[in-house]
Amino acid sequence: MKLKMTANLMIKKCTVLIPLIFLLACESVPVKTYQEPEPNKKRQSMSKQNTSSEPQIDYPSIQRLLGLDRNISSLGYAEKVFNTCEVGFGYPSNESCMKKVFVVIHFKLMCRDSEGTVVRQISEDDLVPLANRDLTWSLKNANGILRTDYNGNAQVVVISPQSQKTERFRISSPKDFLLLRAGDIQRLIVPSNWCN
């Protein structure tokens, strides 16, 4: 009888202790959280090519080092070839050395007050900057989201294995999209359905 009571008491203690041990063990395991990065003051868009196994690349520092950090109102396509082992800023200096191309595209997005084909020439008075808009973009295997500034200017930055000058660049609003050669992008005039 005494043995039966002791066994029942042990079982009761185990049913309380075992869940408590698991609970304490779970609380001591570190949990990784993802924190959204601060938006860059230049309102630029970096490509989404990195995976968690790749190093974190410091795009703005490489852009400055290569002399591609021009003013956002300086429109057009620019690129420079660099060696990953020589540049640093997230690239290791002694393994997997390769040539890559740093691409910067600055463009201005303007809305016209009409849709479809226009017979008369469009003047500056007919254009309004597409200001403070979130748009999606893609360029070959890279893509991202960008936000235009108050003048309709935006920047896209991509690191690629080869030149992207002749590749098709797509920029999309929720209602429509444009498809152009990356090297030709500067000032883009879109119809009124983009403006609303």
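Residues numbered from 1 in each chain as written. Predicted model: local features only at pLDDT ≥ 70, side-chain atom pairs only at ≥ 80, totals over all residues. Heavy atoms only, no water.

J.: With reference to specific residues and values, describe the side chain of asparagine 83.
T.: With respect to the secondary-structure elements, asparagine 83 resides in strand 2 (residues 76–83). A polar side-chain atom of asparagine 83 sits 2.8 Å from the main-chain amide nitrogen of cysteine 85. Setting aside residues no more than four positions away along its own chain, asparagine 83 makes contact with Cys97, Met98 and Lys99. (Helix = DSSP H or I, 4+ residues; strand = E, 2+ residues; numbered from the N terminus. Polar contact = N/O pair within 3.5 Å; in protein donor to acceptor, adjacent residues only side chain to side chain. Contact = heavy atoms within 4.5 Å.)

J.: How would you summarise the pairing of strand 3 (residues 99–112) if you had to cite specific residues and measurements?
T.: Burial analysis of strand 3 places 13 of its 14 residues in the buried class, the great majority of the element. Two elements, strand 2 and strand 3, share eight bridges in a ladder whose sense is antiparallel. Pairing of phenylalanine 82 across the sheet is with lysine 100, part of strand 3. Sheet topology places strand 3 next to strand 7 (residues 153–160); eight bridges connect them, and they run antiparallel. Bridging from a neighbouring strand, valine 104 pairs with valine 157 of strand 7. As defined by bridge partners, strand 3 adjoins strand 10 (residues 187–190) across four bridges and the pair is classed as parallel. Of the residues in strand 10, the one forming a bridge with methionine 110 is isoleucine 189. Both strand 3 and strand 4 (residues 127–129) contribute to a ladder of three bridges, which runs antiparallel. For methionine 110, the partnering residue across the bridge sits in strand 4 and is proline 129. (Buried < 20%, exposed > 50% of the residue type's maximum accessible area, 1.4 Å probe, protein only. Pairing = 2+ DSSP bridges.)

J.: Lay out the sheet that holds strand 9 (residues 177–181) with the relevant residues and their values.
T.: One open sheet holds the four strands; their spatial order is 6-5-8-9, and the pairing between them is antiparallel. Every interior strand has two partners, whereas the edge strands, strand 6 (142–147) and strand 9, have only one. Ignoring which end each strand starts from, the neighbouring axes of this sheet average 20° apart. By the bridge criterion, four bridges tie strand 5 (residues 134–139) to strand 8 (residues 168–172) in an arrangement that is antiparallel. The residue bridging tryptophan 137 from the neighbouring strand is isoleucine 171, located in strand 8. (Axes fitted to C-alpha atoms, helices over the stretch in contact; angles between N-to-C directions.)

Function cannot be read off these values alone, since they describe shape.
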